[in-house]
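Each chain, written out:
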Amino acid sequence: RATSDFAAAFSVSAQMQLASRVRDIMRTLGAEAIDNGSQIASARFPTADPSRLARELKTRRVIVAARHGYLRVSPHFYNNQEDLDTFARELKQVLS
């Protein structure tokens, strides 16, 4: 039981750190991202439609969602820095 509790706590902590980095990436690219303590990063891009961004990112093998006017990214424990670099690079290209 202690092992599963530790794994769960580590997973949540890792996801929170990844979500924070994703928010930073989106802010750097012009988004309004609110840090609400969630493991899900959501941001609004004032000049871009989130549905279009999600569709274009999907064609680049970056899976995100558009929800209620926001681009929604749900990093998980298996994501790593390379995934974040890919997300940043592809999002930057889609936004330009």
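What this report covers is the structure whose coordinates are included nearby. Here the structure is a predicted model, which is why all the values come from computation and not from measurement.

A short note on the pairing of strand β4 (residues 70-73)
Okay, so step 1: Going residue by residue along β4, you find Leu-71 and Val-73 tucked away on one face and Tyr-70 and Arg-72 left uncovered on the opposite face.
Okay, so step 2: In the sheet, strand β2 (residues 41-44) pairs with β4 via three bridges, with the strands oriented antiparallel. Residue Ser-42 lies in a different strand from β4, and its bridge partner there is Arg-72.
Okay, so step 3: As paired strands, strand β3 (residues 65-67) and β4 are joined by three bridges and run antiparallel to one another. Paired with Ala-65 across the bridge in β4 is Arg-72.

A closer look at helix α3 (residues 81-95)
Okay, so step 1: When the terminal C-alpha atoms of α3 are compared, their 21 Å separation across 15 residues agrees well with the 21 Å that a helix rising 1.5 Å per residue should span.
Okay, so step 2: Regarding α3, the residues found buried are Leu-84, Phe-87, Glu-90, Leu-91 and Val-94. Looking straight down α3, one finds its buried side chains confined to an arc of 140°; they lie on one side. Facing away from the buried side of α3 by more than 90 degrees, the exposed set consists of Glu-82 and Lys-92.
Okay, so step 3: At the N-terminal end of α3, a side-chain oxygen is found 3.0 Å from the backbone nitrogen of Glu-82, two or three residues along, and the residue is Asn-80.

Quick word on the packing of helix α2 (residues 50-59) against α3
A pair of packed helices is characterised by two quantities: the angle between their axes and the separation of those axes.
Okay, so step 1: Orientation of α2 relative to α3, taken along the N-to-C sense of each, is 125°, at an axis distance of 10 Å. The angle between α2 and α3 falls in the class oblique. Of the two possible hands of crossing, α2 and α3 adopt the one that is right-handed. Along its contact with α2, which presents Arg-52, Leu-53, Glu-56 and Leu-57, the element α3 presents Glu-90, Leu-91, Val-94 and Leu-95.
Okay, so step 2: The residue inventory of the contact of α2 with α3, partitioned by class, reads five nonpolar, no polar and three charged.

Considerations on the nonpolar core
Okay, so step 1: Among the nonpolar cores identified, the biggest contains 21 residues, and Met-26, Phe-45, Val-64, Leu-71, Phe-87 and Leu-91 are the most heavily contacted of them.
Okay, so step 2: For this core, the secondary-structure elements that each account for two or more residues are α1 (2-28), β2, α2, β4 and α3.
Okay, so step 3: What Leu-71 contacts, discounting residues up to four positions off in sequence, is Met-26, Ala-41, Ser-42, Ala-43, Phe-45, Pro-50, Leu-53, Ala-54, Leu-57, Val-64, Ala-65 and Leu-91.

Remarks on the side chain of Arg-23
Okay, so step 1: Structurally, the position occupied by Arg-23 is in helix α1.
Okay, so step 2: A distance of 3.2 Å separates a polar side-chain atom of Arg-23 from the backbone oxygen of Ile-40.
Okay, so step 3: Contacts of Arg-23, omitting those with residues within four sequence positions, involve Ala-33, Ile-34, Asp-35, Asn-36, Ser-38, Ile-40 and Ala-41.

A few points about the pattern of salt bridges
Okay, so step 1: Counted according to the given criterion, the structure contains five salt bridges.
Okay, so step 2: Residue Arg-89 is joined to Glu-90 by a salt bridge in which the shortest nitrogen-to-oxygen separation is 3.5 Å.
Okay, so step 3: Each member of the salt-bridge network shares a partner with another, and the members are Arg-60, Arg-89 and Glu-90.

The rules behind the values
Residues numbered from 1 in each chain as written. Predicted model: local features only at pLDDT ≥ 70, side-chain atom pairs only at ≥ 80, totals over all residues. Heavy atoms only, no water. Buried < 20%, exposed > 50% of the residue type's maximum accessible area, 1.4 Å probe, protein only. Helix = DSSP H or I, 4+ residues; strand = E, 2+ residues; numbered from the N terminus. Pairing = 2+ DSSP bridges. Expected span 1.5 Å × (residues − 1). Arc of directions from axis to C-beta. Polar contact = N/O pair within 3.5 Å; in protein donor to acceptor, adjacent residues only side chain to side chain. Axes fitted to C-alpha atoms, helices over the stretch in contact; angles between N-to-C directions. Parallel < 35°, antiparallel > 145°, perpendicular 65-115°, else oblique. Left-handed = near helix turned anticlockwise from the far one by under 90°. Contact = heavy atoms within 4.5 Å. Nonpolar A, V, L, I, M, F, W, Y, C, P; charged D, E, K, R; others polar. Core = buried A, V, L, I, M, F, W, Y, C linked by side-chain atoms within 4.5 Å. Salt bridge = Lys/Arg side-chain N within 4 Å of Asp/Glu carboxyl O.

From the geometry alone we can't say anything about function, so treat these as descriptive.
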